Amino acid sequence: MQLLFERSHSGRKCTILPECDVSYQLPDASLCRAQAPHLPQLSENEISRHYTELAKQTHGVNDGFYPLGSCTMKYNPKINDEMAALPGFAKIHPLQPEETAQGCLEALYLADRYFAEITGMDAMTFQPAAGAHGELTGLMLIKAYHESRGDFERKKILVPDSAHGTNPASASMAGFQVVSIPSLPNGCVDTEALRQAADEHTAGLMLTNPNTVGLFDLNISEITSIVHNAGGLCYYDGANLNAIMGIVRPGDMGFDVVHLNLHKTFSTPHGGGGPGSGAVGCKEMLKPFLPSPVVTKDENGYHLCRCNPQSIGAVKEFYGNFLVVIRALTYVLTLGKEGIPEASSNAVLNCNYMMSHLKDIYEMAFDTGCMHEFVMTLENLKKEKDVSAMDVAKALLDNGIHPPTMYFPLIVHEALMVEPTETEPREVLDHAIEVFRNIYEMAQTEPEKLHEMPLHTPVRRLDEVGAARNPHLRFEF
Amino acid sequence: MGSYIPSTVKERQEMLESIGLSSIDQLFSHIPEELKLDRELDLPSGKSEMEVSRVMNNIASHSVVFDSIFRGAGAYDHYIPSIVKSVTGKEEFVTAYTPYQAEISQGVLQSIFEYQTMICELTGMDVSNASVYDGATAAAEAVNMCCERSRQVVFCSEAAHPDNIRVIKTYCWASGHQLVMVPVKDGKTDLSQIAGQLDKKTGACLYIQSPNFFGQIEDVQQAAELIHSVGAKLICACNPIALGLLKTPAEQGADIAVGEGQPLGMPLSFGGPYLGFMATTSAMMRKLPGRIVGQTTDVDGKRAFVLTLQAREQHIRREKASSNICSNQALCAMTASVYLAAVGPDGLRQAACSCYQKAHYLAEQLSQIEGVSLRYTGSFFHEFVTDQPDAAKVLDALQKEGILGGLPLEDGGILWCATEKNTKEDIDRVVEIVRKELM
């Protein structure tokens, strides 16, 4: 379809702004740009139709099943968006006098209390804008903690080889060296290898539990103890929290700092890539280092306090992706103490249900009960029929299903990681199971057909190599 | 209690039985008992939608919504066209994830490609990414782009937005880069102060914002020439509305243009979500952090768009990636695109000219009040600083009239801002209230 720029006609426009009602001489030409930017010139109808057409070529949670592993694509409740649009939140200037922003501060304060309780932490910050940003912030807290004790030699962060790529990347940005810890054949941390690696240079360990293969690491207490005994701290990557809310808390497993993906676990929409929120929680001893300002409460109300001399500083403008926090707070208020564990229970149920009805034909990477997601390996299918994880994923597209996460975690070959979430009804799972089974059948009988798929999507398989080799990154006028 | 789980208790039981289980608890039976929470979460009970709405409305009502805003300082009150809210509220865009599966994500991918084009047009640069979190993290990421093994000294203007400076400081501390602050003189970056500290071997970059925190238009070109003389890079933070009128970072020799995209259709939102935009030269393309969308073709030869140059990114390069960024601000980037499409080239210039003219009118009127003076004499865009005897008194008086006045600075000054939303009538009213207070 056409680009906005290709639809553009010189002279067309929307009438958005009035003529300026004061006259003042404009700046000298020496301060001004030589040429106006090429922006589209279109009527409102044309813009509206353009984006409606683009929307039709976009698959969101609202368009169908979205079992994208590790991304927790649950339904995004509409009340959350409505609350985020309330003028008392959306129209408040971040630098308004404190007494005129009490509603916003109250919301942040409540969110702090609720998310600290859910994670078993003592305090939160909502400045980080996304999961990876939360990781970076959490690692900075760990760094500041060690430095405050005069310990400048702890330069290493231990990261399992099954971890999400953001973990090592965040550690690197925080100035640490990354030490990869191998996984056991059952997908869990090799505690012997961990024991070998943890020493006086260890700043901390980054881990998610359930881990990236969807299994709860039963040795978690031993793992966090090994790190603590070596003087390091334990960082919990909240990517998989949807499996255990209200059932097990990171704080009770021995973690010292966590990040949450409010756009995964707490139902805020992902917007085609963002904005998210990577809220970070920490135990008492890391509190002095939290980003500034923090929200406090006394008899006069709520305050923004830059009262933390040991703070790592700021990691973002103002107070984070505030309206995302409002959505997540709305969600927590809706579910409450009963609904939060119920959400996790049903996420795990839906996942086990799907896995159980597929494991007789698809090979599971780890054939034990899963938590909220499971990983299958198509290694044998690839060897025997030349049908890859990619082929299966692309075949799902023709069936209106967003594919699972492909080729992750890296420790599983030809991996497909499936996370159904709790907000899907049984018949959607049954349909997906049937589609998966049909694709498997096709792989046995007509494998070459799978290489051609998808056939019915707005575009078909793309030349990605060509895109990277000859980057064409903007429209040329 | 509220819930979004479709399956009934009966259905859940049937599902459990179909996989050989009898209770939900069995799904968690392998988790050691001593780890499990042996109590309910200490949270309120769940609520119906109507009750939640009541609670949240009540909380929101504790904030004061100002109809008339003369405060900027990094968050600007601009008019948001209706089409912006309508388009960015479409559920397909709102509820999609990052467009990993290009075949069913062409809508999001094409919109990002269009956004990248518009950011290149605004800034004059060659390449834009698909967004980062905000202006401050864009600045910090740009600094990281410039630092190399031997070049680790970062110069940062003290006239930049305080939050941007704070974030750059935090990132530099974490990664071990050396930060040198460049002082302010007469409201602008005093470039003469760094001439002696520039080193051909260690200099990485200079970060300068124009218009700066005080609203002053900096001599970016001179800054670029200075920093380029030692082979280091110039990072220029800019205001996207101002770029409807003022010189682009590219025209002034910047290597990287960054900025806060909030003025392009995003509400004030108590500080977020906003939009960090980043654009650079072709030479530095492969150092850009974050997602980038490229044009390609599908197997049938049809034009299509796809996430590209992924060899820079964390999911491929892990600890060697150019940044850890994964989620960005995609929907905010789309907001900016729709805003720019709606106002078009003429409308953007009109918004910029209105901001400029109204701010200058306000400055002129305020400075005619006895006791009020403009602090700086340099050119400014839509923000400026005044000195007056009692800032708190003036701002309180405005607040009583439902007007959010300028930002009080620690040294007694007030940083004012005017946008196209402030009518002449509003401005005259502000001036009258200030005059009365200072009489």
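This text follows the structure it describes.
Anyway, here's the lowdown on the structure attached to this text.

Parameters and conventions
- Residues numbered from 1 in each chain as written.
- Chains lettered and ligands numbered in written order.
- Predicted model: local features only at pLDDT ≥ 70, side-chain atom pairs only at ≥ 80, totals over all residues.
- Heavy atoms only, no water.
- Phe/Tyr/Trp six-rings, centres within 6.5 Å; stacked < 30°, edge-to-face > 60°.
- Helix = DSSP H or I, 4+ residues; strand = E, 2+ residues; numbered from the N terminus.
- Buried < 20%, exposed > 50% of the residue type's maximum accessible area, 1.4 Å probe, protein only.
- Pairing = 2+ DSSP bridges.
- Contact = heavy atoms within 4.5 Å.
- Axes fitted to C-alpha atoms, helices over the stretch in contact; angles between N-to-C directions.

**Focus: the packing of aromatic side chains**
Given two aromatic rings, one states the distance between the centres and the angle between the planes to describe the pair. The full count for this structure, using the stated rule, is 22 aromatic pairs over all chains. Here the aromatic rings of F322(A) and F270(B) are separated by 5.1 Å at their centres, their planes lie at 70 degrees, and the arrangement is edge-to-face. Residue F322(A) is found in helix α10 (residues 322–356), and its partner F270(B) is found in the loop between β9 (256–260) and β10 (276–280); the two belong to separate chains. Of the two residues, F322(A) and F270(B), both sit in the buried class. Aromatic side chains Y362(A) and Y440(A) sit 5.2 Å apart centroid to centroid with 65 degrees between the ring planes, which places their arrangement in the edge-to-face category. Residue Y362(A) is located in the loop between α10 and β10 (374–377), and its partner Y440(A) is located in helix α13 (residues 426–445); the two are separated by 78 residues in the primary sequence.

**Here we look at the pairing of β10(B)**
All names here are of chain B. Counting buried residues along β10, five of its five residues qualify, which places the element largely inside the surrounding structure. In this sheet, β10 lies alongside strand β2 (residues 127–128) in antiparallel orientation, the contact comprising two bridges. Residue pairing for β10: V127 is matched across the bridge by T280. Relative to β10, β9 runs antiparallel, the two sharing five bridges. Bridge pairing in β10 links G259 to F277.

**What about the sheet that holds strand β13 (residues 373–374) of chain B?**
Residue and element names in this part refer to chain B. The strand order β13-β14-β17-β16 describes an open sheet built from four strands, whose pairing is antiparallel. The two strands at the open ends of the sheet, each matched to only one other strand, are β13 and β16 (407–408). Of the pairings in the sheet, the one linking strand β14 (residues 383–387) to strand β17 (residues 414–417) comprises four bridges and is antiparallel in character. Bridge pairing in β17 places T386 opposite I414. Sheet strands touched by helix α10 (residues 330–367): β13, β14 and β17. Its angle to β14, the strand with the most contacts, is close to 5 degrees.

**Structural notes on the environment of G273(A)**
The residue G273(A) is located in the loop between β6 (257–259) and β7 (280–282) in this model. By relative accessible area, which is 2% here, G273(A) ends up buried. Through-space distance from the C-alpha of G273(A) to that of L42(A) is 27 Å; in sequence the pair is 231 residues apart. The contact partners of G273(A), leaving out residues within four places of it in the chain, are A96(B), Y97(B), T98(B), S327(B), N328(B), Q329(B) and A330(B).

Read these as layout, nothing more, since geometry by itself doesn't imply function.
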